[in-house]
Amino acid sequence: VLARPDQIDFSGVLTDYKTSAPTMQPFNERYVDREILDRGYHMQMALACEAFEKITGSWPSATGLVFQLKRPPHHVMLRGISDEALQFGMRQNQRALKQYRECLDSGDWPGPGAHVGTFILPEWKVERLTEEFQEMGISI
């Protein structure tokens, strides 16, 4: 469990700094939002908000991330984290901590492949292949 925001302003603002180097895609809001989601930054900031609340007795008034492009021209993009995203992040953290506790207690640490699943082609791919095969006279 780690939450070390780079900036804590006791007026109620928490921020964290992230560098980014997108490849083959623009450095824009869509990219930054995907980074937040994929890397769980909303969960990290939720931990920071909970700690802030325990220390100060109040929830932060603003929470966000500062993204900077690693290569020139080193653009900077600010992204606030909504209270809704922080609340979901808190619940995700609670779920992860519960699972960790269960693993500690049982000694069972399931890893990749512990659950058998089935690969299913996405609907868009099924439609595209069906059209291609029909055009070629191949029945499915």
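The coordinates are above.
These numbers come from a predicted model, not from an experiment.

**Things to note about the environment of Lys 125**
Consideration 1: As for its placement among the helices and strands, Lys 125 is situated in helix α4 (residues 123–136).
Consideration 2: For the pair Lys 125 and Pro 26, spaced 99 residues apart in sequence, the C-alpha separation works out to 26 Å.

**Describing the sheet that holds strand β3 (residues 62–69)**
Consideration 1: Spatial strand order, β1-β2-β3-β4: four strands in an open sheet with mixed pairing. The open sheet has two edge strands with one neighbour each: β1 (7–9) and β4 (76–80). The sheet shows a mean angle of 20 degrees between the axes of neighbouring strands, direction not considered.
Consideration 2: In terms of strand pairing, strand β2 (residues 13–20) meets β3 through eight bridges, oriented parallel. Considered in β3, the bridge of Thr 15 is made with Gly 64.
Consideration 3: Here helix α2 (residues 41–56) sits on the sheet in contact with β1, β2 and β3, set at roughly 155 degrees to β2.

**A short note on the pattern of salt bridges**
Consideration 1: A complete count under the given rule lists five salt bridges for this structure.
Consideration 2: Across the pair Arg 79 and Asp 33 runs a salt bridge, and its minimum N-O distance is 2.7 Å. One end of the pair, Arg 79, is in strand β4; the other, Asp 33, is in helix α1 (residues 29–39), and 46 residues separate them in sequence.
Consideration 3: We classify Asp 33 as partly exposed; its relative accessible area is 33%.
Consideration 4: A salt bridge links Glu 102 to Lys 98, with the nearest nitrogen and oxygen atoms 3.4 Å apart. Taken as a pair, Glu 102 and Lys 98 lie in helix α3 (residues 83–106) at a separation of four residues, close to a single helical turn.
Consideration 5: In this structure Glu 102 comes out as partly exposed when scored by relative accessible area, which is 43%.

Definitions and cut-offs
- Residues numbered from 1 in each chain as written.
- Predicted model: local features only at pLDDT ≥ 70, side-chain atom pairs only at ≥ 80, totals over all residues.
- Heavy atoms only, no water.
- Helix = DSSP H or I, 4+ residues; strand = E, 2+ residues; numbered from the N terminus.
- Pairing = 2+ DSSP bridges.
- Axes fitted to C-alpha atoms, helices over the stretch in contact; angles between N-to-C directions.
- Contact = heavy atoms within 4.5 Å.
- Salt bridge = Lys/Arg side-chain N within 4 Å of Asp/Glu carboxyl O.
- Buried < 20%, exposed > 50% of the residue type's maximum accessible area, 1.4 Å probe, protein only.

Everything listed here is a matter of geometry and, on its own, says nothing about what the molecule does.
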